[in-house]
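# Structural features, examined
Residue strings, one per chain:
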Amino acid sequence: PGCANRVERGQRMPTAPYAALHRQSAGRLTNGPAAAAAFGGLAVISVSLVALGVLTASAGHTKAGAVLSANAVESANAVEANDACANGFPADFVWGLGTAAYQIEGGWNATNRSPSIWDVFSHTKGAVAGGDTGDVADDVIHRWRDDIALMSELGLKHYRFSLSWSRMMSWDGHSMVPNEPGIAWYSDFLDGLLEAGITAHVTLYHWDLPQALHEHRGGWHTPDNERILTEFEAYATLAFERLGSRVATWFTFNEPWTFTVSGYSAGNHAPGCVPAQAGRGPCAGGDVTPYVVSTNVLNAHARAVAVYRTRFAATLGGRISITLNCEFARPLTNSAADAAAAEGFDLQGARARAAREAEPSG
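Below is a summary of the structure that appears in this document. (Residues numbered from 1 in each chain as written. Predicted model: local features only at pLDDT ≥ 70, side-chain atom pairs only at ≥ 80, totals over all residues. Heavy atoms only, no water.)

### Let's talk about unusual backbone geometry
- The omega angle of the peptide bond from Ala270 to Pro271 is 5°, so this bond is cis rather than trans.
- In this fold, Pro271 is placed in the loop between α11 (256-266) and α12 (289-316).
- The residue Trp207 is not glycine, and still its phi comes out positive at about 85°.
- Inspection of the secondary structure puts Trp207 in the loop between β10 (199-205) and α9 (211-216).
- For Trp207, a relative accessible area of 12% puts it in the buried group.
- A positive phi angle, close to 45°, is found at Asp224, a residue other than glycine.
- Along the polypeptide, Asp224 turns up in the loop between α9 and α10 (226-243).
- Relative accessible area serves as the criterion here: at 69%, Asp224 is assigned to the exposed category. (Helix = DSSP H or I, 4+ residues; strand = E, 2+ residues; numbered from the N terminus. Buried < 20%, exposed > 50% of the residue type's maximum accessible area, 1.4 Å probe, protein only.)

Now the structure itself:
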């Protein structure tokens, strides 16, 4: 965070950085060309930490812009509320990299890890494009020292990753209990980041519910499921107790909209629930299922935040929030043409998201 050249509060943010980001990111960030095609030529850049980016839409120029996907933990008016750097971003904007446990860790049964819903889903024939699984993935579970060395070589100062609930805890037949080998792995990894001068930002849940909780405790899809709320609160508390002294920012959930809709309505993400189609998927409940899931997830978020703020924040000094995904545009000027350009982008985004829901996972 921090910058040498600031834009005074209230001044319009320059639009040049967006075009520059588009040129730099095409084909490299967030699926590159695929994302650009989905949004009619707009490159989508995922920003996971601390500030919200917004496309400023101008008639005839939206295809040259770049959208900062708002995995936001601050206000939508972050740019106006803080002094900005000359490049258009707030002075306290945090630049870093982000990953998810199942996408990178591998080691599907290392450290006594148990299956998650993504293990089961990805091993279901036809569920994932190409039959890919996360059994090995990037093998971070074995290569983490080399990965931290690469981060240092890049000059990375902030790294966001998620914990695997199935590695942190194990099912004992009645509830989830601490899994010491898995906790020790994350502890070593955090120590490695600290030694390298890299600040850790940790997500508790990036879509990988332990399969045992889905099968035996009602998962997210059971209405008013106190059992899953109790389990998540215990998991969060364990993470705060054992790892919290080395974590700057906690995120309870990553993009609940995505796994709620894709996992429990479209069925193209784990656990593959398609409640509107009889005979498919492990969940029932019809069209209400995504709303049931959302309610349980938000209540679980509230439980974890309350625990952190009442028991840990004062001593650990960290922060806690949630990662939300949304993209929106606002007009560059008050002209009707610019207003139409912004509205058109929002409509394109909604249509692209709907189309992606109908596709198999890849």
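### Considering the pattern of salt bridges
- Scanning all chains against the criterion turns up 9 salt bridges.
- The closest approach of N and O atoms between Arg217 and Glu231, which form a salt bridge, is 3.5 Å. Of this pair, Arg217 sits in the loop between α9 and α10 while Glu231 sits in helix α10, placing them 14 residues apart in sequence.
- The structure contains a network of salt bridges with shared partners spanning Glu226, Glu233 and Arg303. (Salt bridge = Lys/Arg side-chain N within 4 Å of Asp/Glu carboxyl O.)

### Describing helix α6 (residues 140-154)
- For α6, which comprises 15 residues, the first-to-last C-alpha distance of 17 Å sits more than 12% below the rise-based estimate of 21 Å (1.5 Å per residue).
- If you look at α6, its biggest bend is around 40°, right at Asp146.
- Of all the residues in α6, the buried ones are Val140, Ile141, Trp144, Ile148 and Met151.
- Phi turns positive one or two residues past the end of α6, at Gly155, with a value near 80°. (Expected span 1.5 Å × (residues − 1). Bend = angle between axes of the 7 residues up to and from the residue.)

### Brief notes about the nonpolar core
- Judged by nonpolar contacts, the single largest core of 64 residues is most densely connected at Leu163, Trp220 and Trp250.
- Here this core gets 9 residues from one element, more than from any other, and that element is α10.
- Once residues within four sequence positions are removed from consideration, Trp250 is found in contact with Leu163, Val202, Leu204, Ala239, Phe240, Leu243, Gly244, Tyr308, Arg319, Ile320 and Ser321. (Core = buried A, V, L, I, M, F, W, Y, C linked by side-chain atoms within 4.5 Å. Contact = heavy atoms within 4.5 Å.)

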